[in-house]
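# Coordinates in review
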Amino acid sequence: MSHHDFDLFTIGAGSGGVRASRMAAGLGARVAVAESRRLGGTCVNVGCVPKKLLVYASQFSAAFEDARGFGWKVGDRSFDWGRLIANKDREIGRLNDVYRSLLEDSRVTIVEGRARLVDRHTVAVGGTRYTAETILIASGGRPNVIDIPGAEYGISSDDVFHLSTLPKRIVIVGGGYIAVEFAGIFNELGSEVHLLHRGPLFLRDFDDDVRTTLAEEMTKRGVQLRFDVRPTHMTRQGNDVVINLPEGKTIAADVVLCGTGRLPNTSDLGLEELDVALTDRGAVIVDEFSESSVPGIYAVGDCTDRRALTPVALAEAMAFVETVFKGNPTSVSYNNVPSAVFSQPSVGTVGLTEGRARSDGYDVQIFRSTFRPMAHTLSGRDERTLMKLVVDRASDRVLGAHMVGPDAGEIIQGMAVALTCGATKAQFDATIGIHPTAAEEFVTMRTAVDE
């Protein structure tokens, strides 16, 4: 047994940190985890979970409108933001307790406070020092603050979950999934929404057909999209926050949300003093087994800036435990990692985009279908669904599957299994669809659009 206090000391009790700590403890390791905030990390507290709850709340607006086409008479209705936030907080509190129970039941020592590395084997939390054979950095991410004068008048994606009132007017700055998702949420809840993005189109790393289709659909729903715009500064005028644009233009709002992404949360952890190699963004540089430049110090999750997704952090945590505590060196494959954007309508994607496949040298066939969802034949809503397959002509292997439309994330999860198994377009074609569903379109597209 190690002469240290613990065999593993984990900094950060988010998805990756909790999973690694529990699994290592389950193998008999003496484990401690330090957390300065609430257990569960970004996903549970200010990310995936509360955001999805807000998405659910916002979807009732369209459901009420669509109900008429199906014979329902919907009477007066109103929305109570305060009740939603209170109910959300209650659920997050329940999940915090679940995470605490998971750790305690696994006999993991929970250390509350901000941890800082002292040396290769020592971590300080408050005035107490702990030693460990292995240290795991799982400190997650933090909001990226827009670098313009007056930025302090805006709020971050962490803050948005604690707004006391629903803003009547909101400006969202950013073009990633955070900005796009909150634009949909507030628009459907009745706010006037402006989304500003410095590039020509949002969701930069997604397939171009997905990006274009989503922009069209969000515009139909009333979101005011403004691309190729770089805010110059923000000011406060009375109760308004005024965001200033080039050529003297301004937009006044109740709230300006800076949804410009997240950065690795690695500042003031003592990493630089130990010569732990970091990227320019502050991410811990790790090898294929999640080990940093300092032997015995590992990192998983958002602080490594590989793929900032909760299931990826969980996979990295499991691989870390296999490597360090089971003596079975294990790495994570980042190929065919599926993802979803809970925009309105939603996006699901897995594998290569058309542009990436072409730049990688593939001779591709493109299968694409756009159609009106069946539900809207009666609702009357003007909305289109997009489904797209990117296929390698030489091998017939499906390289990418992309969707914009209802339940996109649910449908693409199944596509991810197929792509991970190396499915070919012929195997998609041989699969019998479920009728009537939108998902069956993925197995009924027969003619390539570029032939």
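Going by the structure above, here's the rest.
Here's what I pulled together on the structure shown here. If you're wondering where the values come from, they're calculated on a predicted model, not measured in any experiment.

### Quick look at the overall build of the protein
Within the protein, the secondary structure is distributed over 11 helices and 22 strands. In terms of overall size, the protein behaves like a compact globule, its C-alpha atoms giving a radius of gyration of 24 Å where 451 residues would be expected to give roughly 22 Å. Taking the principal axes of the C-alpha coordinates as reference, the protein spans close to 70 × 65 × 45 Å. Burial analysis of the protein (451 residues in total) assigns 51% to the buried set. Relative to all contacts within the protein whose residues are 6 or more apart in sequence, the contacts with residues 24 or more apart total 63%. Summing over all exposed atoms, the protein offers an accessible surface of approximately 20900 Å²; the carbon and sulfur share of this is 50%. Side-chain charges of the protein comprise 48 positive and 58 negative groups, with the mean position of each set lying 4 Å from the other.

### Some details on helix H6 (residues 208–221)
The terminal C-alpha atoms of H6, which comprises 14 residues, lie 20 Å apart, in line with the 20 Å expected from a rise of 1.5 Å per residue. Burial in H6 covers these residues: Val210, Arg211, Thr213, Leu214, Ala215, Glu217 and Met218. Along its buried surface, H6 packs onto helix H5 (177–188), strand S11 (224–226), strand S19 (347–351), strand S21 (385–392) and strand S22 (398–404). The residue sitting at the N-terminus of H6 and contributing the capping side-chain oxygen is Asp207; that oxygen lies 2.9 Å from the backbone nitrogen of Asp209. Positive phi appears at Gly222, one or two residues downstream of H6, with a value of about 110°.

### Observations regarding the pattern of salt bridges
Oppositely charged side chains can pair when the atoms bearing their charge come close. Applying the stated criterion across every chain, the model contains 30 salt bridges. Between Asp66 and Arg381 there is a salt bridge; the shortest N-O distance is 3.1 Å. Here the residue Asp66 occupies a position in helix H3 (residues 48–67), and Arg381 occupies one in the loop between helix H9 (376–379) and S21, the gap between them amounting to 315 residues. Asp66 sits in the buried class, given a relative accessible area of 14%. By relative accessible area, Arg381 is classed as buried at 17%. Taking the shortest distance from any N to any O, the salt bridge between Asp429 and Arg446 comes out at 3.1 Å. A residue pair is termed long-range when its members are at least 10 positions apart, and Asp429 in helix H11 (residues 425–430) and Arg446 in the segment after H11 qualify at 17 residues. The exposure class assigned to Arg446 is partly exposed, which follows from its relative accessible area of 48%. The network of salt bridges with shared partners includes Asp207, Asp209, Glu354, Arg358, Arg368 and Lys388.

Conventions adopted
Residues numbered from 1 in each chain as written. Predicted model: local features only at pLDDT ≥ 70, side-chain atom pairs only at ≥ 80, totals over all residues. Heavy atoms only, no water. Helix = DSSP H or I, 4+ residues; strand = E, 2+ residues; numbered from the N terminus. Rg over C-alpha atoms; globule rule 2.2 N^0.38 Å. Buried < 20%, exposed > 50% of the residue type's maximum accessible area, 1.4 Å probe, protein only. Contact = heavy atoms within 4.5 Å. Areas by Shrake-Rupley, 256 points an atom, 1.4 Å probe, with all protein chains shown as cover. Lys, Arg positive; Asp, Glu negative; His and termini not counted. Charge placed at Lys NZ, Arg CZ, Asp CG, Glu CD. Expected span 1.5 Å × (residues − 1). Polar contact = N/O pair within 3.5 Å; in protein donor to acceptor, adjacent residues only side chain to side chain. Salt bridge = Lys/Arg side-chain N within 4 Å of Asp/Glu carboxyl O.

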